[in-house]
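# Notes for the structure review
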Amino acid sequence: GQQVMQIPQYQHVQEGEDFTTYCNSSTTLSNIQWYKQRPGGHPVFLIQLVKSGEVKKQKRLTFQFGEAKKNSSLHITATQTTDVGTYFCAGHLNSGYALNFGKGTSLLVTP
Amino acid sequence: GAGVSQSPSNKVTEKGKDVELRCDPISGHTALYWYRQRLGQGLEFLIYFQGNSAPDKSGLPSDRFSAERTGESVSTLTIQRTQQEDSAVYLCASSLGEFLAGDGRHSLDTQYFGPGTRLTVL
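A brief report on the enclosed structure follows. Predicted model, so just to flag it, every value in this text is computed and none were measured. (Residues numbered from 1 in each chain as written. Chains lettered and ligands numbered in written order. Predicted model: local features only at pLDDT ≥ 70, side-chain atom pairs only at ≥ 80, totals over all residues. Heavy atoms only, no water.)

### Examining the packing of aromatic side chains
Just so we agree on the cut-off: Centres within 6.5 Å are what make two rings of Phe, Tyr or Trp a pair, Trp counting through its six-membered ring; a difference in plane orientation under 30 degrees is then read as stacked, over 60 as edge-to-face, and the rest as tilted. The secondary structure listing takes helices from DSSP runs of H or I that are at least 4 residues long and strands from runs of E that are at least 2 residues long, numbered from the N terminus. Classification of residues uses two cut-offs on accessible area relative to the type maximum, computed with a 1.4 Å probe and protein chains only: under 20% is buried, over 50% is exposed, and between them is partly exposed.
Tallied over the entire structure, the rule returns 12 aromatic pairs over all chains. With centroids separated by 6.5 Å and ring planes inclined at 50°, the aromatic side chains of Trp34 of chain A and Phe63 of chain A adopt a geometry described as tilted. Of this pair, Trp34 of chain A sits in strand β4 (residues 29-37) while Phe63 of chain A sits in strand β7 (residues 61-65), placing them 29 residues apart in sequence. Pair check on accessibility: Trp34 of chain A and Phe63 of chain A agree, each one buried. Here Tyr33 of chain B and Tyr48 of chain B contribute two aromatic rings whose centre-to-centre distance is 4.7 Å and whose plane-to-plane angle is 35°, an arrangement assigned as tilted. Taken together, the positions of Tyr33 of chain B in strand β4 (residues 31-37) and Tyr48 of chain B in strand β5 (residues 43-50) put the pair 15 residues apart, joining distant regions of the chain. Neither Tyr33 of chain B nor Tyr48 of chain B differs from the other in exposure class; each is buried. Taken together, the aromatic side chains of Tyr35, Phe45, Phe88 and Phe101 of chain A together with Tyr33, Tyr35, Phe45, Tyr48 and Phe113 of chain B make up a single cluster linked through ring pairs.

Here it is as structure tokens:
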């Protein structure tokens, strides 16, 4: 069954507003990866977090990995129309090699 | 350098026919993954190859699905006796494989995705 849950499923914001998507796992993750998929495109890697409590920033994007390594978040400050797409988190469980993807959060930004 | 390529980009087939999808990973990437993405859904893991190790087939939905990989090169995903519910985009990804994380644990390197094959079963 689904082991990595992601919320919200959809988010519609006005350009300039902030956006956050959350990722939760029922079990401890070895790492967490975030991907962005533009409409009609394929997932593109954004970042990987490995350490407990890790925070990484990429310009307006801030990624966090929880202390217990069971949850993560992606926060976008002052969204732009170029941020439109679906954001997926993916976690590697300690057992097996499958990378478990969340169902994604689809972000729509209107100018 | 060249990214992950997949062929065909689109495939339309009739129910009951077999299809074969191809993936060319990035040169030097030892790990290769196949995923399925149904319309509007997330990515569903199918199978994972790592070097010469036995593949992790835990995600294959039925025995109609199989995949092969020769060494660290091309992989093919075969779907036999296709059904309408097999309609989806099939994505392939490759990576350098495992690495040692800062806390000493093994972790998996980032994955680079191909453009996908859109399969439609009529």
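### With respect to the pairing of strand β6 (residues 65-69) of chain B
Residue and element names in this part refer to chain B. In plain terms, the rule: Note on pairing: DSSP must find at least two bridges between two strands before they are called paired.
Only one face of β6 is covered, namely the one carrying Phe65, Ala67 and Arg69; the face carrying Ser66 and Glu68 has none of its residues buried. Strand direction decides the pairing type here: β6 and strand β7 (residues 75-79), joined by five bridges, are antiparallel. Its bridge partner lying in β7, Glu68 is registered against Thr76. Hairpin connection, β6 to β7: the antiparallel pair is bridged by five residues, and Gly71 has positive phi, about 60°.

### Things to note about the sheet that holds strand β1 (residues 5-7) of chain B
Residues and elements named next belong to chain B. Convention followed: Angles here are taken between N-to-C directions and fall from 0 to 180 degrees, while the axes themselves are lines fitted to C-alpha atoms, restricted in helices to the stretch in contact.
Taken in spatial order, the four strands of this open sheet run β1-β3-β7-β6, and their pairing is antiparallel. Edge positions in the sheet fall to β1 and β6, since each has one partner strand and no second. Averaged over neighbouring strand pairs, the angle between their axes works out to 15° when direction is ignored.

### Side note on the state of the cysteines
As a reminder, the rule being used: The disulfide criterion used throughout: a pair of cysteine sulfur atoms within 2.5 Å.
Applying the stated criterion across every chain yields a total of two disulfides over all chains. Residue pairing for Cys23 of chain A: its cysteine sulfur links by disulfide to Cys89 of chain A, the two sulfurs lying 2.0 Å apart. An S-S torsion of about 75° defines the bridge between Cys23 of chain A and Cys89 of chain A as right-handed. Taken as a pair, Cys23 of chain A in strand β3 (residues 19-25) and Cys89 of chain A in strand β9 (residues 85-93) lie far apart in primary sequence, 66 residues in all. For the pair formed by Cys23 of chain A and Cys89 of chain A, the shared burial category is buried. Disulfide pairing places Cys23 of chain B opposite Cys92 of chain B at an S-S distance of 1.8 Å. A torsion of -60° about the S-S bond marks the disulfide between Cys23 of chain B and Cys92 of chain B as left-handed.

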